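Take a look at the letters that make up each chain.
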Amino acid sequence: MRKQIAAANWKMNLTLQQGETLIDELLSAPHDLKENQQAVFAVPFPYLINIKNKLAGKKNFFVAAQNCSDKKSGAYTGEVSAEMIKSIGLQYVVIGHSERREYFNETNAVLAEKVNICFENELQSIFCCGEPLAIREAGTQNSYVETQLKESLFHLTAAQLTGFVIAYEPIWAIGTGKTASSEQAQEMHAHIRSVMTKQYGNDVAETISILYGGSVKASNAKEIFGKPDVDGGLVGGASLIAVEFAAIINALK
Ligand code: PGA
């Protein structure tokens, strides 16, 4: 059974104290994670250890870094390596969020390096893909996303991609309040799975969790997550509100 994941992406929001309060509130809100379900918190680097400690012993709760360097180590002031993230006991790293691609010029080739370095450190990437508005309006989103997958993931082996996590986030739906319809999400998720099937076969593609991101809220999560190829969500704005994110966790299949 594929992992169903509700991933919170705090981005560059909240102080440590606000973040800890949010986690306390969330843990006291009713939530119930089944065996195949996970809640993942992608929090700012300085709080990774604090939030990890807060979630210690909570079954199926994980902490993720929002990024890592494509370099192993060395003179790269301000960067954080995959090895460092591994050394504090994390399992997940968000790779290639559209804000990293857009504001920090992360190309598909750089992201391929980041995915590699995560594998070397036994970290699970949450690999983000998704098209900007102009591509959606031109109707070429399928080939656009396919190229992102090809150029960043297709060098990997079938074993590496078994149980992998991809997040599809149409850029026009991120932080805009404009959600893709559940049909649009399903259509792209099915396309992503078919691209992975073509390259790696059905057995591998069926194990890949594909999360939807872009204005997921408590009010639309159930409908979106209910689609057959949607395995949860990567959630920005609504993950900063405890009751919202608790409801999103409870909307997982
Ligand atoms: P949003 O962000 O939920 O605020 O649209 C999603 C994301 O960027 O991961």
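Preceding block: the structure.
Here the structure is a predicted model, which means the values were calculated and not measured. Residue numbering note: each chain is counted from 1, following its sequence as written. Thresholds applied to this predicted model are a pLDDT of at least 70 for local features of residues and 80 or more for the giving and counting of side-chain atom pairs; totals over whole chains, interfaces and linings are not thresholded and use all residues. Hydrogens and water are ignored here; the side-chain numbers use all heavy atoms of the structure.

**Q** So what about the packing of aromatic side chains? Which residues, and what values?
**A** For Phe, Tyr and Trp, rings pair up if their centres lie within 6.5 Å, where Trp contributes its six-membered ring, and each pair is then called stacked (planes under 30 degrees apart), edge-to-face (over 60) or tilted (otherwise). Evaluation of the coordinates by the stated rule reveals 6 aromatic pairs. Consider the rings of Phe-62 and Tyr-92, whose centres lie 5.8 Å apart with planes at 80°: the pair is edge-to-face. On the criterion of sequence distance, the pair formed by Phe-62 in strand β3 (residues 61-65) and Tyr-92 in strand β4 (residues 92-95) is long-range, its members being 30 residues apart. Exposure classes here rest on a 1.4 Å probe applied to the protein chains alone. A residue is buried below 20% of its type maximum, exposed above 50%, and partly exposed in between. We classify Tyr-92 as buried; its relative accessible area is 4%. Three or more aromatic residues link up through ring pairs in this structure, and these residues are Phe-41, Phe-61 and Phe-245. Put simply, DSSP H or I for four residues or longer makes a helix, DSSP E for two residues or longer makes a strand, and each gets a number counted from the N terminus.

**Q** Describe in detail the packing of helix α1 (residues 16-28) against helix α12 (residues 242-250), supporting the description with residues and values.
**A** It is the contact of α1 with α12, at a shortest axis distance of 9 Å, that shows an interaxial angle of 50°. One way to sum up the angle between α1 and α12 is to call them oblique. The way α1 lies across α12 gives a crossing that is right-handed. Contacts between α1 and α12 involve Leu-22, Glu-25 and Leu-26 from the first element and Ala-242, Phe-245, Ala-246 and Ile-249 from the second. All residues other than Ala, Val, Leu, Ile, Met, Phe, Trp, Tyr, Cys, Pro, Asp, Glu, Lys and Arg, Gly among them, are scored as polar; the first ten of these are nonpolar and the last four charged. By residue class, the composition of the contact of α1 with α12 is 6 nonpolar, no polar and 1 charged. Axis lines are fitted to C-alpha atoms, over the contacting stretch for helices. Their N-to-C directions set the angle, which ranges from 0 to 180 degrees. Oblique is the label for any angle not covered by the other classes, which are roughly parallel (under 35 degrees), roughly antiparallel (over 145) and roughly perpendicular (65 to 115). If you view the pair so one helix is near and one far, a crossing is left-handed when the near helix is turned anticlockwise from the far one by less than a right angle, and right-handed when it is turned clockwise. Should any heavy atoms of two residues lie within 4.5 Å, those residues are counted as being in contact.

**Q** Which residues make up the side chain of Asn-67, and what values do they have?
**A** Take Asn-67: it is sitting in the loop between β3 and α3 (82-87). With relative accessibility at 8%, the residue Asn-67 sits in the buried group. For the purposes of these results, a polar contact is taken to be a pair of N or O atoms within 3.5 Å, where, inside protein, one atom must be able to donate a hydrogen and its partner to accept one; residues adjacent in sequence count only when each atom of the pair is a side-chain atom. A distance of 2.7 Å separates a polar atom in the side chain of Asn-67 from a polar atom in the side chain of Lys-114. When near neighbours in sequence (up to four residues on either side) are disregarded, Asn-67 contacts Phe-45, Ile-85, Val-93, Val-94, Arg-100, Glu-106 and Lys-114.

**Q** Go over helix α7 (residues 141-153) with me, naming the residues and quoting the values.
**A** Each residue after the first adds 1.5 Å to the expected span of a helix. Along its 13 residues, α7 runs 18 Å from first to last C-alpha, staying within 8% of the 18 Å computed at 1.5 Å per residue. Looking only at α7, the buried set comprises Gln-141, Val-145, Glu-146, Gln-148, Leu-149, Ser-152 and Leu-153. Angularly, the buried residues of α7 cover 155° about the axis, an arc narrow enough to put them on a single face. Note: the arc covers the axis-to-C-beta directions of the helix.

**Q** With reference to specific residues and values, describe the site of the ligand.
**A** Near, as used in this document, describes a residue that has one of its heavy atoms within 4 Å of the molecule or strand being considered. In the neighbourhood of the ligand, 13 residues make up the surrounding shell, with Lys-11, His-97, Glu-169, Gly-175 and Ser-215 lying closest. Within the contact set of the ligand, an oxygen atom lies 2.8 Å away from a backbone nitrogen or oxygen of Ser-215. Measuring from an oxygen atom of the ligand, one finds a backbone N or O atom of Gly-236 at 2.8 Å. The protein chains shown are the only cover counted for residues, whose accessible areas, like all others here, come from Shrake-Rupley with a 1.4 Å probe. Within the complex, 95% of the 280 Å² of free accessible area of the ligand lies under protein.

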